[in-house]
Each structure stands twice: as structure tokens, then as C-alpha cells.
Amino acid sequence: MLIELSSLLSINNKNERNREIRERLRPSNEPLSVDGYEQQFCVILLNLGYSTSRTVDLLDSTLASNFIKDEELFSKAVSESKFFHTHNAKFPDIRIKDQVIRASVIERNVQGICSSSVINCVSFGYANNGNCVSKVLPLITEFVWKKKVTFLAELICQNEPLWLNNLIKLGLPEESLEELKHHLNKSLSPTMPEKVCKTIQLRFKHKNEFIAVTPVISHALSSQLQKLCCSNAFKCRTISHPRMTNAGSFMTRLGGRFKVLSYYPNTRNVKSSEPINLANDSVLYFKYFQSTKFINALREFVFTRPYSTLRLKRLARISAIMCIRRLLHLWIFKFIRDKKSDDINQFISELSNLLHSQLSQSQKTEVFAYHPKLLKVLKSQIQYVVKHPEKPIAKDASPVIYLHLKGLVAEGVNTMSNQYLWGMPSIIALAGFTQEFEMNLNECLGQEAQPYEVALFVHSYELASETSLPEFDRIVKVNGKYTPQRPALIDLSKSTMKFDLVIKLKVVKDSPHILDNNEPFLNAVPDRIMGGEIDFGEGITDKNYILTADSEKLYKSIETLPHAGCWLYPTTLKPKNLDEMSVLLKDNFSLKPAHIGYAFLEKPKSRKGAICSKHCFAESVLGLIRCVNQVDVCYEGIESFLSDAFWSFEVSDTSLIMNNT
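Description of the structure in this document. Predicted, not measured: the structure shown is a model, and the values here were computed from it.

With respect to the sheet that holds strand β13 (residues 257-262)
Move 1: Taken together, the four strands give an open sheet; going across it, the order is β12-β13-β16-β15, and neighbouring strands pair in mixed fashion. On the outer flanks of this sheet lie β12 (236-240) and β15 (416-418), each paired with one strand and no other.
Move 2: Two strands pair when backbone bridges link them, and β13 and strand β16 (residues 421-422) are joined in this way by two bridges, in the parallel orientation. Bridge assignment links S262 to a residue of β16, and that residue is W422.
Move 3: Here helix α10 (residues 219-230) sits on the sheet and contacts β12 and β13; the angle it forms with β13, its principal contact strand, is near 75°.

Details of the nonpolar core
Move 1: Core analysis: the biggest nonpolar cluster contains 97 residues, and V213, F234, L430, F499, L505, F521 and I529 have the highest contact counts within it.
Move 2: Apart from the residues within four sequence positions on either side, I529 is in contact with A410, V413, L430, F433, F499, L501 and I534.
Move 3: The next biggest cluster of nonpolar side chains, apart from the first, holds 54 residues, and it includes L58, Y126, C157 and L170.

What to know about the packing of aromatic side chains
Geometry of an aromatic ring pair is reported as the spacing of the ring centres plus the angle between the planes.
Move 1: In total, this model carries 14 aromatic pairs according to the counting rule given.
Move 2: Between W145 and W163, the ring centres sit 5.8 Å apart and the planes meet at 85°, which makes this aromatic pair edge-to-face. You can see W145 sitting in strand β7 (residues 143-145) and its partner W163 sitting in helix α8 (residues 161-169), a full 18 residues away along the chain.
Move 3: We classify W163 as buried; its relative accessible area is 0%.
Move 4: Between F204 and Y598 the ring centres are 5.9 Å apart and the planes differ by 55°, which places this aromatic pair in the tilted class. A residue pair is termed long-range when its members are at least 10 positions apart, and F204 in strand β9 (residues 202-206) and Y598 in strand β25 (residues 591-600) qualify at 394 residues. Of the two residues, F204 and Y598, neither departs from the other in class, the shared state being buried.
Move 5: Taken together, the aromatic side chains of F41, F143, W145 and W163 make up a single cluster linked through ring pairs.
Move 6: For R325, the ring lying beneath its charged end belongs to Y384, and the centroid distance is 3.7 Å.

What to know about the sheet that holds strand β4 (residues 87-88)
Move 1: With antiparallel pairing, three strands are arranged side by side in an open sheet as β5-β4-β11. Every other strand in the sheet has two partners, leaving β5 (100-101) and β11 (217-218) as the edge strands with one partner each.
Move 2: Both β4 and β5 contribute to a ladder of two bridges, which runs antiparallel. By the bridge assignment, H87 is partnered in β5 with I101.

Definitions and cut-offs
Residues numbered from 1 in each chain as written. Predicted model: local features only at pLDDT ≥ 70, side-chain atom pairs only at ≥ 80, totals over all residues. Heavy atoms only, no water. Pairing = 2+ DSSP bridges. Helix = DSSP H or I, 4+ residues; strand = E, 2+ residues; numbered from the N terminus. Contact = heavy atoms within 4.5 Å. Axes fitted to C-alpha atoms, helices over the stretch in contact; angles between N-to-C directions. Core = buried A, V, L, I, M, F, W, Y, C linked by side-chain atoms within 4.5 Å. Buried < 20%, exposed > 50% of the residue type's maximum accessible area, 1.4 Å probe, protein only. Phe/Tyr/Trp six-rings, centres within 6.5 Å; stacked < 30°, edge-to-face > 60°. Lys NZ or Arg CZ within 6 Å of the ring centre and 35° of its normal.

This is the structure in C-alpha cells:
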């Protein structure tokens, strides 16, 4: 909601007025509209340049005039403007120097959310000298003027007479205007670092060579995310930075506390199951009958609802039957998976009796227990679910082999997969994992098998109870004593993830005996993923993997996975911006945000300090994934799994994106 400056100027109490104005100018709030009050707001902007430790009346024009005339204030702010950026290379590691980035993503239509999806937002921040953060705020603080989000430095470069006259009235010499505009124009023009300095570098295969990618955080996207998180558009959590001024103007304005998206895979903590026994109620998951969808489906048969046409009534009945069928499948999942009885009809009768018995034990469902209109319907659906547990097995047209790695445990996984997201495994990290797997495999087999798609199943994802601090990197003299100091990095928690991977590999047609020796495939599996280390224990044993060209054998392997975990599927939903993503996440619990790739800020080129022959800076791309219950995977069958569950790595001149196959 847009706030008018006039509403804040009407506050009589000076301290309260100053506090409200400063609060409204934070990046976490919508910018102020200043139309009609340009002169007063010009005074406010200049007074923001004073240190917050000094008590200043933001409407004091004398102080604003003194700020312009003081060489240690306004002149210093102008000279520091060369460190204005669109992407902050000093976050989260403030030790990085001389990495000023002013750029935009090359491709405007990236298949995901990045800074190109942010409109009507100022994209410049500052990060260099912590002592100068407050001094540059007059030049880069965003506000709304003539229905457009802008900032003072931009208006000066655009030669807006109203704002230039206001500055001249406050003491800016007219003869210095041209020099000021020239300096600010240069400070807002695109630029990229000439070398790589202590920044993270990720190696990816780009066409026929490897390139190094350095991810950097977008000022525009971060600002937009803060606004939406503060308006409860997303689930979020707050991260604190120990030295906010050194991290830049954005962190300083937020008081060192910034919000990130906070989502986790749809996994559940479930104790190990007991032997299958139909008399044991724990086999049957009664909680599914408490869902509103299931109750509404039963109501469709019990209570008469008016429909304008018979077709609408028939469609409603079909929808209700499908819902009941799916919930019954979830209810008796273990029984379907492990049944060994020859007398199916007797089991169906027992299940029908037990179903009505359990319905009678809840106030929500007791009205439906043994209801005459439901006896035949429910029994027929139980019969269908028991007798049709699986879909037909798909046959692969091309030579493909599958490597199913089971029960892997990675410790020290990055809980923040990128600078905007907490809790979800990084999907783009699967590309790095499979590419390293391919490199290792080629050393043993040559080009006989190439991985090209990967699917991820998460058993559990838990935050580590302890966090690791960075090593001491310097000694500081404090009160006459030398004390070792750690770098001021954000102390982020690590996570432990238990997971399965299914990797599809293309096979060269003249390699009929490739499966005769499994050792090259197992030895090629990397020992790191998503920043964490995979604990193989005594190595990969026969219980930990399946290597097969038979999709039916693969299906038999994946259908035994525990129902408490979930598969992370790609989705065809492609939100264009954060607002669209927020709506989709609220409407569908199975959807989650994820880090799916990188959008280039430049074309890869040779750069000093890079780990590869070519390097580029890029920003992280957010997308949506779908958490799919293991029971649903078994119910839909192998054909659906092979077509929907796998991620492929898409490479272009402007981006690296994980997408659906």
C-alpha cells in the first residue's frame, strides 16, 4: 500500500515523526509518494546522510544545507558512488573487495524468477566502506515521484529541474552541477569486475567446456522479497548479519536482519513399521479420513445436492469416487505393497468392516459409518484399490539404464540453497553432482554411458543441532591484548539429508555388455552434494543400489521406499514473479520454491582468478517444485514416474536451468 509523505509530515511530535519517516524508508516497506512535497523530501533525504548516532530533525533545512556544503559528507557521498551496485558481491562475505557489479540479466524471459521479474523497484545499493553507508543514503534511497519509483542520483542524471533547483536552494553550487551529473552518470553505468576476488566459484559444464559461475545477490529482488515477506505473502525466517554496515546499505537499512523464504520438503517423522498385520490398526492410516476433501466426497453420496443438469451431477460423482479411491489407497498403502494373501475377497470384506469401524470412532465421520448409501460404494472402491495397485510397466524405446542409489546420507548440506531461500534442497546442485559423476564415469568407460536426467527422493531433511564456525583469519589488538578474530560471515545452520537418487544414462548402442561390471558406475559416484559430504560408510553395497536397463525392476525398487518421504518433481507451473509464486504456494501445499538455476549477468569470458578458462557472474533463479507422496508415485505407476519425476539440465548462452524433461 502506497503511503503519502503528507501523512507523515502531519505528525506533530518531532521524535515520532522522524522515527516513522525512517521506518517507512526501509527497503522492507513500500516507497513513499512525495508528489507535491519535493522540497521537504529533498531536505529529508540530505539529513538521512548524517550518522544515526546523531540526533537529527529530518525536516531541518539548515542541517540539510550544511550536509551539502560539508566536503566530508556530500562530497564523500559522491566520491563513494562509484561503489553503487545492482548485485552485492560483499554479501554474505564482507572480505570481498573490488567487486562492483552493475548489470542486468542477459535474457529477460528466464524460466524462473530473478531480478528481471521485478518491476517498479530501484535496483541500486552500496557496499564498500561501513563508515560511509549513511552518507550515500541521500543518493540511493527509493521513493515514488510521478507514479514511478526513483532515487535522487537518477533524477540528477536525468537533469530534472525541480530537484536540481531544490539542491541549489540548499547550497549546491550551480557550477558543480555538470561535474556532479558526470560523476553520477558514470557511477550508474554498467560495469563488471576485471578479476575474481575470494568469491565462490561453481563449476558447470557449458556446451563443450566447463565454466566457473559466481552467484551474487540481486538488490532489486532482495528488496522486493523483503516487502512481500513483511506482508505475510510467504513463509519466511529472519537471518542476522553480525556486521551489517560492512555488508552494505541494504543490510544496514534493515538493521542487520533480513528475511528469506523458509520452506521444507513434505517429509514426516515416522517410526519404523511393524510387521504387516491387518488386525493392527497402525497399518491403516486413519488420519486421511479426517481431510475435508474425503468428507465432502462422502457427502456427495449421502446428502442430495441440487444440480442444474444431470451431467454436472455425474461429474461430481466421478470426482467424489476418484477422491475416495485415492484416500483409500493412502489408507491401506502398506497392505497393498506387502500383501501376500491368496484370499483377496476375504481381505476386502475385513477392510470394509474395519473402515466403517474407524469411521464411527470420529465425530467428523461417524455419520457416514455403516450408512446404507455408502456400504456398496466404499466396498467397491476398496475392491478396485486392492486389485489395481499398479499401472502397466512402460517400455523404453531407446537404450537407457537406470542407477538407483538408495539411502544416501549427506551431512553438512547448505540449509540456504541460495541467498533467498532456506530449507529446500538445491535442484541446480543435482546438475553439478551428475556432471561430476559423468566425468568420473568417462575415465573408466569412455563415452559408453552418459547421465542426462536425475530424480530426487528425500527421506528426511533435518537441521544440524550444532553449527560450525569459520576458522580464525586475523589477529586484532584489543585493550593492549592480541585476540584472534573470525571473519564476520553469517553463521548459517547446516542440515543432514537422507535421500535417494535415480539417474538415467544413455547407452551407446554398441555396448551390449555395459552392465556386466557395476564397479565403474559405483566408483564414479561423487562424495559431495549440495555443499555437504555423503557418508558411504563401508562403501556402496548391493543393498544401496540398483543398476538395470529394466524399468520394471526399477519400479520394484522405488515402490519399497517409505511413505514418509517425498519425491521432488519438476512442475509445468512457471510463475513470472514473486506475487504469482505467492498465490500458487498458498493454493497448493505440495508446491515449494526451489533454487533451479542461474541467469547470467554477462557472457562467460576469461577473467583473472577464475578456476576455469571462462567465468561469469550470475544471479540465482527461483522456481517451483512439486512434493509428491511416495504412495501417489506407486499409485500412478512407472510410466508416470519416468515422464514426470526427472530433472534435465538445460544450457543456453544466457542461463543454466534445471527443468522438467
